[in-house]
Amino acid sequence: MPNFRPKYISFDCYGTLTRFRMTEMATAFMADRVAAENLPTFCKDWSAYRLDQVLGPWEPYQEIIRNSLRRTCKRWGVEYREADADAVYNAVPTWGPHEDVPGGLSKIGDKIPLVILSNAMNDQIHHNVGMLGAPFHAVYTAQMAQAYKPRMQAFEYMFDQLGAKPEEMMHVSSSFRYDQNTATDLHFGCRVFVGRGHEPSNAFYRDVEIPHIGALPAVVGL
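Predicted model, so just to flag it, every value in this text is computed and none were measured.

Quick notes on the rules
- Residues numbered from 1 in each chain as written.
- Predicted model: local features only at pLDDT ≥ 70, side-chain atom pairs only at ≥ 80, totals over all residues.
- Heavy atoms only, no water.
- Helix = DSSP H or I, 4+ residues; strand = E, 2+ residues; numbered from the N terminus.
- Rg over C-alpha atoms; globule rule 2.2 N^0.38 Å.
- Buried < 20%, exposed > 50% of the residue type's maximum accessible area, 1.4 Å probe, protein only.
- Contact = heavy atoms within 4.5 Å.
- Areas by Shrake-Rupley, 256 points an atom, 1.4 Å probe, with all protein chains shown as cover.
- Lys, Arg positive; Asp, Glu negative; His and termini not counted.
- Charge placed at Lys NZ, Arg CZ, Asp CG, Glu CD.
- Pairing = 2+ DSSP bridges.
- Axes fitted to C-alpha atoms, helices over the stretch in contact; angles between N-to-C directions.
- Polar contact = N/O pair within 3.5 Å; in protein donor to acceptor, adjacent residues only side chain to side chain.
- Salt bridge = Lys/Arg side-chain N within 4 Å of Asp/Glu carboxyl O.
- Right-handed = clockwise from strand over helix to strand, strands pointing away.
- Parallel < 35°, antiparallel > 145°, perpendicular 65-115°, else oblique.
- Left-handed = near helix turned anticlockwise from the far one by under 90°.
- Nonpolar A, V, L, I, M, F, W, Y, C, P; charged D, E, K, R; others polar.

(A) Layout of the overall build of the chain. What the chain contains, in helices and strands, is ten helices and six strands. Over its C-alpha trace the chain gives a radius of gyration of 17 Å, about what one expects of a compact globule, namely 17 Å for 222 residues. Judged by the C-alpha coordinates and their principal axes, the chain covers about 50 × 35 × 30 Å. Considering the chain as a whole, with its 222 residues, one finds that 55% of them fall into the buried category. Counting only contacts in the chain whose residues sit at least 6 apart along the sequence, the fraction spanning at least 24 positions is 62%. Element-wise, carbon and sulfur atoms account for 51% of the exposed surface of the chain, whose accessible area totals about 9,700 Å². Measuring between centres, the 22 positive side-chain charges of the chain sit 2 Å from its 25 negative side-chain charges.

(B) Just the sheet that holds strand β3 (residues 138-141), in detail. If you walk across this open sheet you meet the six strands as β3-β2-β1-β4-β5-β6, and the pairing is parallel. Bordering the open sheet on either side are β3 and β6 (208-210), each of which pairs with just one other strand. Averaged over all neighbouring strand pairs, the angle between strand axes comes to 20 degrees, with direction disregarded. Summarising the sheet, strand β1 (residues 8-11) and strand β2 (residues 114-118) pair through three bridges and their orientation is parallel. Paired with I9 across the bridge in β2 is L114. Here helix α9 (residues 176-185) sits on the sheet and contacts β4 (169-173) and β5 (190-194); the angle it forms with β5, its principal contact strand, is near 160 degrees.

(C) Region of interest: the side chain of S118. One can find S118 in strand β2. Leaving out residues up to four positions away in the same chain, S118 has contacts with C13, Y14, I125, Y140, T141, A142 and K149.

(D) Representation of the side chain of D100 within the structure. Within the secondary structure, D100 sits in the loop between α4 (82-91) and α5 (101-106). Among the polar contacts made by the side chain of D100, one reaches the side chain of R196 at a distance of 2.8 Å. Here the side chain of D100 touches I213 through a polar contact of 2.9 Å, landing on its backbone nitrogen. Beyond its immediate sequence surroundings of up to four residues, D100 is in contact with R196, H212, I213 and G214.

(E) Focus on the pattern of salt bridges. As enumerated under the stated definition, the model contains 19 salt bridges in all. Where E24 meets R21, a salt bridge forms, and the shortest distance between an N and an O atom there is 2.6 Å. Close ionic contact of R191 with D207 constitutes a salt bridge, the shortest N to O distance being 2.8 Å. On the criterion of sequence distance, the pair formed by R191 in strand β5 and D207 in the loop between β5 and β6 is long-range, its members being 16 residues apart. Within the structure, one salt-bridge network assembled from shared partners comprises D32, R33, E79, R81 and D84.

(F) Highlighting the pairing of β2. Of all five residues in β2, five are buried, a share of seventy percent or more. Burial along β2 is two-sided: L114, I116 and S118 and V115 and L117, pointing in opposite directions, are all buried. In this fold, β2 hands off to helix α6 (residues 122-129), which returns the chain to β3; that crossover is right-handed.

(G) Region of interest: the pairing of β3. In β3, alternate side chains face the same way, and those of A138 and Y140 on one face and V139 and T141 on the other are all buried. Across four bridges, β2 lies against β3 in parallel orientation. Bridge pairing in β3 places L117 opposite Y140.

(H) The packing of helix α3 (residues 61-76) against α4, seen in detail. For the pair α3 and α4, the least separation of the axes is 9 Å and the interaxial angle reads 140 degrees. Relative to α4, α3 is oriented oblique. Between α3 and α4 lies a crossing of right-handed hand. Contact with α3, carried on its side by Y61, Q62, I65, R66, L69 and R70, involves E82, D84, A85, D86, V88 and Y89 of α4 and no other residues of that element. For the contact of α3 with α4, the class distribution of residues is six nonpolar, one polar and five charged.

Set out below in C-alpha cells:
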C-alpha cells in the first residue's frame, strides 16, 4: 500500500522510536541470580508477564513492572528485589531514540501530523518524546486512556481525542502483540511494521514492512 497519505500517523514509542532497554537492564541486575546462559530466557519470560499484566485491571506502569518482575522471579524460583523494578521504571525517561528516528521523522513532521500512543505514564513519556527530533501533534498515554495497548480502549481514546477514524490513519510499530494485531482489528488505513528484530514479521498483520524509520517517508510519498 504505497503512498497512502493519512490524516494522522500514530506511533508506538518504546521499542519503535525509543530504544527499549529493559532486557539490557535485567541482564545486568539478574546476573547474580540467573546463570548467564539462562538470562535470555528469563528476559523473554519477563516480557511475556508484562504483556499479561497490562491485559488485567488498570494499574500504574510502575506496578506493571513490579508485578511482572515479581511473577517472573517466582516462576524461576529466584529472589525478587523491588529496587530492580524501580530502577527500570526510573530509567525509562532517560532512554533515547534509535539512530534512524530523528532523520526519518523530520521529513514527515511538518507535512503530516504525528501522534504517539504509548503504554506509559504522563511523567515519563515527554522526556523521551523530547529526544525524538521532530514535533508531535499529540502524545497519548495509557494513563490518560486508563488502558494499555493492545486493548482497544487505548486506541479508542486516541480516536476520540483526535476526532479521527482509524481508516484515516496509519499506525507504525515494531510490535504485533501490542499494536499491529489490534490495529488490524480496528481497520487502520495502513499498518506499518518496523522490523527492529524483537518480533518476527507477520504479513497478515501489516501492510508495509520497513527496516527503520528512515524508510517511512517513502511509504507516504515523501
